[in-house]
Amino acid sequence: MAADFSSIPIIDISPLLAKSDDPKMGEDSSVLDVVTQLDKACTEAGFFYVKGHGIPESLLKEVRDVTRQFFELPYEEKAKIKMTPANGFRGYEKIGENVTQGVPDMHEAIDCYREVTKGMYGDLGKVMEGCNQWPENPPKMKVLMEEYIILCKDLARKIMCGIALALGGSPYEFEGHRAGDPFWVMRIIGYPAVSTMNDIGCGAHTDYGLLTLLNQDENINALQVRNLSGEWISAPPIPGTFVCNIGDMLKIYSNGLYESTLHRVINNNTKYRVSVAYFYETNFDTAVEPLDTYKTRTNGHRKFERAVYGEHLVSKVLSNFIHE
Ligand code: OGA
Ligand code: NI
């Protein structure tokens, strides 16, 4: 049984990044030290902060600032990039349009996904076919976010090397057919300050893929993570860090050794809160099943059947929205 947690660890991943192109990184003691910390965090909490990730705090802030500027625009302006099923569920959704377990969430968002061209993943990918919609205002949003997505993808891939080592595999276990051509999702989110405790910014959920990198607003405490005892542990913003958490596909790969932990957002605060969540996923059409290393780490007892990430995503996307 995993140990419980009452706070979320902070991991300096700079030694891992320094060696990420070296196939022998798993023999380096400073890398192994990071790997040990990742393993403990993934086993106990499913959540950790990363620092030493190489993305400047100034860029993280610029991404949040542009997000805030967008959500400050009048509704008519934001609705110009309204999300519809016809564009692969990409674009702006207003407050209450996203639902978690049937309950409308008190947030607005722009949803983006890796572009899916016609026929790219056959019938499986049809729902997701489309291009991202970027607003004309703020003018720099598209370029900034596209640059940011590239950096997040690179960072997530490197953290996954550490996690692969932690699971007892080669550092590049998640390359190739597993996540060598990763799908990704980005949610650019705004949470109005709520007046009652019953207003939930984002209901309790787990994330769907491998690893989430969350860039959350400064000075506002709103993200909560559930521990094994069922207590909600706060994940306050720590300047210059990302909050990382494990998704459902990594839970399967690890045969349940790592948990895709439940979390939620309650902005019980006087200020509007923004966050930008980048989700690093497997290849869209890959069949995910426990890595062979489960045999040593989880007593050879296999807990999960295969799941196809794209099917999991599509079923979530189709049940996540209220359509007019
Ligand atoms: C999510 C999520 C947390 C936040 O989008 O999946 O958990 O702080 N977001 O916005
Ligand atoms: Ni989440």
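Rules behind the numbers
The numbering scheme is per chain: residues are counted from 1 as the chain's sequence reads. Labels are handed out in written order, letters beginning with A for the chains and numbers beginning with 1 for the ligands. At least 70 in pLDDT is required for a residue's local features to be given in this predicted model, at least 80 for side-chain atom pairs to be given and counted, and no such filter applies to totals for whole chains, interfaces and linings, which use all residues. Calculated side-chain values reflect all of the structure's heavy atoms, with hydrogen atoms and water omitted. Whether two strands pair depends on DSSP finding at least two bridges between them. Secondary structure elements are taken from DSSP: a helix is a run of H or I of four residues or more, a strand is a run of E of two residues or more, and numbering for both begins at the N terminus. Between the N-to-C directions of two axes lies an angle of 0 to 180 degrees, each axis being a line fitted to C-alpha atoms and, for a helix, fitted only over the stretch in contact. When accessible area is computed with a 1.4 Å probe and restricted to protein chains, residues below 20% of their type maximum are described as buried, those above 50% as exposed, and intermediate ones as partly exposed. Between rings of Phe, Tyr and Trp, where Trp is taken as its six-membered ring, a pair exists when centres lie within 6.5 Å; planes separated by under 30 degrees are stacked, by over 60 edge-to-face, and by other angles tilted. Note on criteria: charge over ring means Lys NZ or Arg CZ within 6 Å of the ring centre, with the direction from the centre no more than 35 degrees off the ring normal.

Enquirer: Describe the sheet that holds strand β13 (residues 263–265), and please don't skip the residues or the numbers.
Expert: Across the sheet, which stays open at both edges, the 4 strands sit in the order β8-β13-β10-β11 with antiparallel pairing between neighbours. The sheet is open, and its two borders are formed by β8 (202–205) and β11 (232–234), each paired with just one other strand. Strand-to-strand twist in this sheet, taken as the mean axis angle between neighbours without regard to direction, amounts to 25°. One ladder, built from 3 bridges, connects strand β10 (residues 223–226) with β11; its direction is antiparallel. Residue Gln224 lies in a different strand from β11, and its bridge partner there is Ser234.

Enquirer: Explain the environment of Thr296 residue by residue, including any values.
Expert: On the secondary structure map, Thr296 appears in helix α9 (residues 294–297). Taking the relative accessible area as the measure of exposure, Thr296 reaches 68% and is therefore exposed. Distance in space between the C-alpha atoms of Thr296 and Glu231 is 31 Å, their sequence separation being 65 residues.

Enquirer: How would you sum up the packing of aromatic side chains? Please name residues and give values.
Expert: The description of an aromatic ring pair rests on the distance of the ring centres and on the angle between the ring planes. Summed over all chains, the structure comprises 11 aromatic pairs. Consider the rings of Tyr121 and Phe284, whose centres lie 4.6 Å apart with planes at 25°: the pair is stacked. Remark: Phe284 occurs in the loop between β14 (273–280) and β15 (287–288) and Tyr121 occurs in the loop between β6 (108–113) and α5 (122–125); sequence separation between them is 163 residues. Comparing Tyr121 with Phe284, the two get one shared label, buried. Both rings, one in Phe174 and one in Tyr253, keep their centres 5.2 Å apart while their planes meet at 70°; by these two values the pair is edge-to-face. Of this pair, Phe174 sits in the loop between α6 (141–166) and α7 (176–179) while Tyr253 is found in helix α8 (residues 248–253), placing the two residues 79 residues apart along the sequence. Exposure remark for Phe174: the relative accessible area of 3% places this residue in the buried category. Judged by its relative accessible area of 2%, Tyr253 is buried. An aromatic cluster of three or more residues is present, and its members are Phe70, Phe71, Tyr75, Tyr92 and Tyr272. The positively charged end of Arg264 is found above the aromatic ring belonging to Trp232, 4.1 Å away from the centroid.

Read these as layout, nothing more, since geometry by itself doesn't imply function.
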